[in-house]
Amino acid sequence: MRAGLSHRRVIIVGAGQAGLAVAAALSAGGLRPQQDFVVIDAAPPGHRSWASRWHSMKLLSDARHSALPSRRLLGDQHRYPRADEMADYLTFVEAGFGVETVWGVRATRVEHRGDGSTLLLSTTAGEVQTRNVVCATGAHTHPRVPDWASGLTVPGVVMHSSEYLYPKEIPAGDVLIVGGGNSGVQLARELSVSHTVTLSVRTPRQHRPERSYPAAAGESVSLLSRKRRPEPIFGDSYERLRRAGVTIAPAVEAANGAVVTFADSTHFSPRSVILATGYDPGDRWLPQPPSSARPQRTMTGLPGLFVAGMPQYGGRGSDTVAGVWRDATTIAQHIINRP
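Residues numbered from 1 in each chain as written. Predicted model: local features only at pLDDT ≥ 70, side-chain atom pairs only at ≥ 80, totals over all residues. Heavy atoms only, no water.

S.K.: I'd like to hear about the layout of surface pockets, residue by residue, with values.
M.R.: Taken as a whole, the second largest pocket spans an internal volume of roughly 330 Å³. Surrounding the second largest pocket, 17 residues form its lining, Lys-58, Gln-186, Arg-189, Glu-210 and Asp-236 being those nearest its centre. Listing elements by their share of the lining of the second largest pocket, those giving two or more residues are helix H3 (182–191) and strand E14 (233–234). For the lining of the second largest pocket, the element with the highest residue contribution is H3, accounting for 5 residues. Classifying every residue of the lining of the second largest pocket gives 8 nonpolar, 4 polar and 5 charged. (1 Å grid on protein atoms, 1.4 Å probe; cavity = no way out; pocket = protein on both sides within 12 Å on 5 of 7 lines; lining within 4 Å. Points joined across faces, edges and corners; volume = space filled by probe spheres on them. Helix = DSSP H or I, 4+ residues; strand = E, 2+ residues; numbered from the N terminus. Nonpolar A, V, L, I, M, F, W, Y, C, P; charged D, E, K, R; others polar.)

Written out as structure tokens, the structure is:
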């Protein structure tokens, strides 16, 4: 085991916004970084996932709602920060709390050890025992690719939105963007200036003004039907995209070579395709709790194992910078109060 990971009360897995929020909350509760808790991350030293987003990407929340309570973003508080600003901000937060992240170490498994309260965390650097583990590996970690994409062959490029950086890397011609959420809408707006864009929408989303984020972020449940409604789109709208020349198409149901088939049985042959089809969370290394277990917010079926920044564990909005602070303070309270 790499020096510095053993004999710690808490190991936080993930040095993104969720992990650093938990570190801040633990510090506020009197725990000391590197002594009482340590942060590990699978990425190379200093690599922030925000830095790999497309160059023009901006947050849906303004600066006031894009920072932890004790470390505000500098500058105009009404601006919408860019992704690269967030990467720099997290580095600023890390330094401000004295956190020395152990980079290049991936968590692979966690399990209960013995009859006491000890957890065994398996990592790529070896095994380590600790009393508390916080999974902060992100709600948007693994790009989700539809099954039909394996049969797609186009003259240009096929990429997930996580790989997209700027318009010039997309060959000239028709571009099909699959996914009517906020990422798909933002990419459609950017590429509409230089390309002919079609946006495929499976479930049309409610449009909300930018100022309503983050209060309206995430999925919601209808009080009448109890059906789940996808996250709204903020700021831009399908109608505004239509006026900008973007074609709004139904969901893609199949692909064969260079031809995609929409839900209304029409066909389209794009030159390039961008899959803005979302992500799966970074919780694959966690044990599966019994279906009968109904843990409290941020808790799992394993005592001492907590999850920060994932709505399915913490609630709506946990994957936002503002919302993850609620997870972090809850987790810190549980850890500090554990016997």
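Read on, since the account is not over.
S.K.: Describe in detail the pattern of salt bridges, supporting the description with residues and values.
M.R.: With the rule as written, the count across this model stands at 15 salt bridges. When the shortest N-O distance is used, the salt bridge between Glu-219 and Arg-228 registers 3.2 Å. Its relative accessible area of 46% is what places Glu-219 among the partly exposed residues. Between Arg-242 and Glu-239 there is a salt bridge, with the nearest N and O atoms lying 3.6 Å from each other. Of the two residues, Arg-242 and Glu-239 both sit in helix H4 (residues 238–243), 3 residues apart, roughly one turn of that helix. Taken together, the shared-partner salt bridges in this structure form one network comprising Arg-79, Arg-82, Asp-84 and Glu-85. (Salt bridge = Lys/Arg side-chain N within 4 Å of Asp/Glu carboxyl O. Buried < 20%, exposed > 50% of the residue type's maximum accessible area, 1.4 Å probe, protein only.)

S.K.: With reference to specific residues and values, describe the pairing of strand E10 (residues 196–200).
M.R.: Within a regular strand, the side chains alternate between the two sheet faces. Summarising burial for E10: 4 of the 5 residues are buried, a large majority. In this sheet, E10 lies alongside strand E9 (residues 174–178) in parallel orientation, the contact comprising 5 bridges. The residue of E10 that forms the bridge with Val-175 is Val-197. For the segment spanning E9, H3 and E10, crossover handedness is right-handed. (Pairing = 2+ DSSP bridges. Right-handed = clockwise from strand over helix to strand, strands pointing away.)

S.K.: Could you give me a rundown of the sheet that holds strand E16 (residues 252–256), with the residues and numbers involved?
M.R.: Read across the open sheet, the 3 strands follow the order E16-E17-E18; overall the sheet is antiparallel. Pairing within the sheet leaves two strands with one partner each, and these edge strands are E16 and strand E18 (267–268). By the bridge criterion, 2 bridges tie strand E17 (residues 259–262) to E18 in an arrangement that is antiparallel. Looking at the pairing, Thr-261 lines up with His-267 of E18.

S.K.: How would you explain the pairing of E17 if you had to name every residue and give the values?
M.R.: Here E17 shows one buried face, formed by Val-260 and Phe-262, and one open face, formed by Val-259 and Thr-261. As paired strands, E16 and E17 are joined by 4 bridges and run antiparallel to one another. From the neighbouring strand, Val-252 faces E17, where its bridge partner is Phe-262. Between E16 and E17, which follow one another and run antiparallel, lie 2 residues, and Gly-257 among them has a positive phi close to 65°. What sits between E17 and E18 in their antiparallel hairpin is a turn of 4 residues, with Ser-265 showing a positive phi close to 75°.

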